[in-house]
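Okay, here's what each chain looks like letter by letter:
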Amino acid sequence: MRNDLGLSAGVTAQDDGVPRHVGIIMDGNGRWAAARGFPRLEGHRRGVKALRRTVRAAGELGVKYLTVYSFSSENWRRPPREVADLMMLLKRFIRNDLAELHGNGVRVRIIGSRDELMPDIRNLLIEAEELTRDNTNLTLIVAFNYGSRQEIAMAARRLAEDAAAGLLDPKLIDENLVASRLYTAGAPDPDLIIRTSGEERLSNFLLWQSAYAEFVFLPLHWPDFDGAALEQAISIYRGRQRRFGDVAAHSAPPSAMTGS
Ligand code: IPE
Ligand code: IPE
Ligand code: MG
């Protein structure tokens, strides 16, 4: 059913209440470790285990896209030792888990700038994306060396380059065209964004894409996250009324907002 604005008003594919796209800001590894007298690296190691559990649970719950924030463009400010540990853990995660992810029909995408990454990591990211490109059960989007402002600036720069080269009429630049130049092109906007550890901020994560996301902030640290915590966040999400500017509730964004 469509109203006068051409917006779909009613039944959608995801009417079972399961968010199609969940974004997670995996925060609190350092505090988890400090509370136990462990080095921060141990918190990050346990964080990888939590990620593994969460990917499985998301697939079982019927989530189609899961975006996890694992290294921000600002995380380079950390001590070099910690940055090196986080690079090492990403490499290990891909090396150890790629076969299983592929076997479970998970498509892996990595978003963020690759320019600052070492060639061995860049090659691993390409390998993971190539191997899993036709999988359709769940798309796991790993935000690594990702910053949303940098992403939006990059999209603007590319559009400007096309316009300057005479390939694009600037009058044609609209929301959908901008979205199509972001790292997340082709993925629906997140319905639910979860942040662990009690912090309530985006820290430069999916600024454009989360315009109408629901936010759930959980007090537990990321290494303690599991399927039950994901279900809890989804149940809070289910209790929310999403309106997308309308007076009535909608279970998904109107098609005019998604470009689909
Ligand atoms: C999240 O945990 C992991 C990354 C940001 C890479 P933190 O390392 O930020 O943990 P806290 O916030 O210091 O506890
Ligand atoms: C955000 O967490 C980045 C990731 C979870 C990868 P931070 O711990 O870096 O964020 P701030 O610095 O507390 O905002
Ligand atoms: Mg943190």
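Along each chain, numbering runs from 1 in the same order as the chain's sequence is written. Chain labels run from A onward and ligand labels from 1 onward, assigned in the order the entries are written. Per-residue local features of the predicted model are confined to residues with pLDDT of at least 70, and side-chain atom pairs are confined, for both listing and counting, to 80 or more; whole-chain, interface and lining totals are unaffected and use all residues. Side-chain measures here rest on the full set of heavy atoms in the structure, leaving out hydrogens and waters.

Caption draft 1: Molecular detail of the site of ligand 1. One heavy atom within 4 Å of a molecule or strand makes the whole residue count as near it. The environment of ligand 1 is made up of 13 residues, and the closest members are Asp27, Gly30, Arg31, Arg40 and Arg78. Here a polar contact means two N or O atoms within 3.5 Å. Within protein one must be a hydrogen donor candidate and the other an acceptor candidate, and residues neighboring in sequence count only if both atoms are side-chain atoms. In the model, an oxygen atom of ligand 1 is placed 2.8 Å from a nitrogen or oxygen of the arginine 31 main chain. For ligand 1, the protein covers 86% of the area, taking 380 Å² as the surface of the free molecule. Cavities and pockets were defined on a 1 Å grid built from protein atoms only: a cavity is a group of points that admits a 1.4 Å probe but offers it no way out, a pocket is an open group of points flanked by protein on both sides within 12 Å along at least five of seven lines, and a lining residue is one with an atom within 4 Å of any such point. Molecule-in-pocket calls rest on the fraction of atoms, with more than half required to lie within 2 Å of the cavity or pocket grid points. According to the grid-proximity analysis, the pocket containing ligand 1 is the second largest pocket. Among the secondary structure elements, those contributing two or more residues to the shell around ligand 1 are helix H1 (29-35), helix H2 (40-61) and helix H3 (80-103). Labels follow the DSSP assignment, with helices taken as runs of H or I lasting at least four residues and strands as runs of E lasting at least two, numbered in each case from the N terminus. With three residues, H1 is the largest single contributor of residues to the shell around ligand 1. Amino acids are sorted into nonpolar (Ala, Val, Leu, Ile, Met, Phe, Trp, Tyr, Cys and Pro), charged (Asp, Glu, Lys and Arg) and polar (every other residue, Gly among them). Grouping the amino acids of the shell around ligand 1 by side-chain chemistry returns two nonpolar, six polar and five charged. The method behind every accessible area is Shrake-Rupley, applied with a 1.4 Å probe, and residues are considered shielded solely by the protein chains displayed.

Caption draft 2: How the structure looks around the nonpolar core. Residues grouped as a nonpolar core are buried Ala, Val, Leu, Ile, Met, Phe, Trp, Tyr and Cys residues, joined through side-chain atoms within 4.5 Å. Each residue's exposure class comes from its accessible area (1.4 Å probe, protein chains only) as a fraction of the maximum for that residue type: buried when under 20%, exposed when over 50%, partly exposed otherwise. The biggest cluster of nonpolar side chains holds 47 residues, and the ones touching the most others in it are Ile24, Leu66, Leu140 and Ile194. With nine residues, H3 is the single largest residue contributor to this core. Once residues lying within four places of it in the same chain are set aside, the contact partners of leucine 66 are His21, Val22, Ile24, Thr54, Val55, Ala58, Leu138, Thr139, Leu140 and Ile141. Judged by nonpolar contacts, the second largest core, of 14 residues, contains Tyr69, Ile111, Ile141 and Tyr146. Note on contacts: a residue pair is in contact if any heavy atoms of the two residues lie within 4.5 Å.

Caption draft 3: Region of the structure containing helix H7 (residues 227-238). Expected span of a helix, by definition, is 1.5 Å for each gap between consecutive residues, and there is one gap fewer than residues. Over its twelve residues, H7 extends 16 Å from the first C-alpha to the last, a length consistent with the 16 Å expected when each residue adds 1.5 Å. Taken residue by residue, H7 has Ala229, Leu230, Ala233, Ile234 and Tyr237 as its buried positions. Take H7 and look down its axis: the buried residues cluster within an arc of 140°, on one side only. On its buried face, H7 sits against strand S1 (21-25), H2, strand S5 (192-195) and strand S6 (214-217). The opening residue of H7 is aspartate 226, an N-cap whose side-chain oxygen sits 3.2 Å from the backbone nitrogen of alanine 228. This arc is built from the directions going out from the helix axis to the C-beta atoms.

Caption draft 4: Highlighting unusual backbone geometry. Here asparagine 145, not a glycine, exhibits a phi torsion of approximately 55°, which is positive. By secondary structure assignment, the location of asparagine 145 is in strand S4 (residues 138-146). We note that asparagine 204 has phi near 70°; this positive angle belongs to a residue other than glycine. You can see asparagine 204 is positioned in the loop between S5 and S6.

Caption draft 5: How the structure looks around the layout of surface pockets. Grid points are joined across faces, edges and corners, and a volume is the space filled by probe spheres set on the points. Quantified by volume, the second largest pocket comes out at close to 660 Å³. Listed by contribution, the elements that provide at least two residues to the lining of the second largest pocket are H1, H2, strand S2 (65-72), H3 and S4. Along the lines of polarity and charge, the residues of the lining of the second largest pocket split into 14 nonpolar, nine polar and seven charged.

Caption draft 6: Seen up close, the side chain of glutamate 214. Along the chain, the position of glutamate 214 falls in strand S6. Separated by 3.2 Å, the side chains of glutamate 214 and arginine 240 make a polar contact. The contacts of glutamate 214, once residues within four sequence positions are left out, are Asp191, Leu192, Ile193, Tyr237, Arg240, Gln241 and Arg242.

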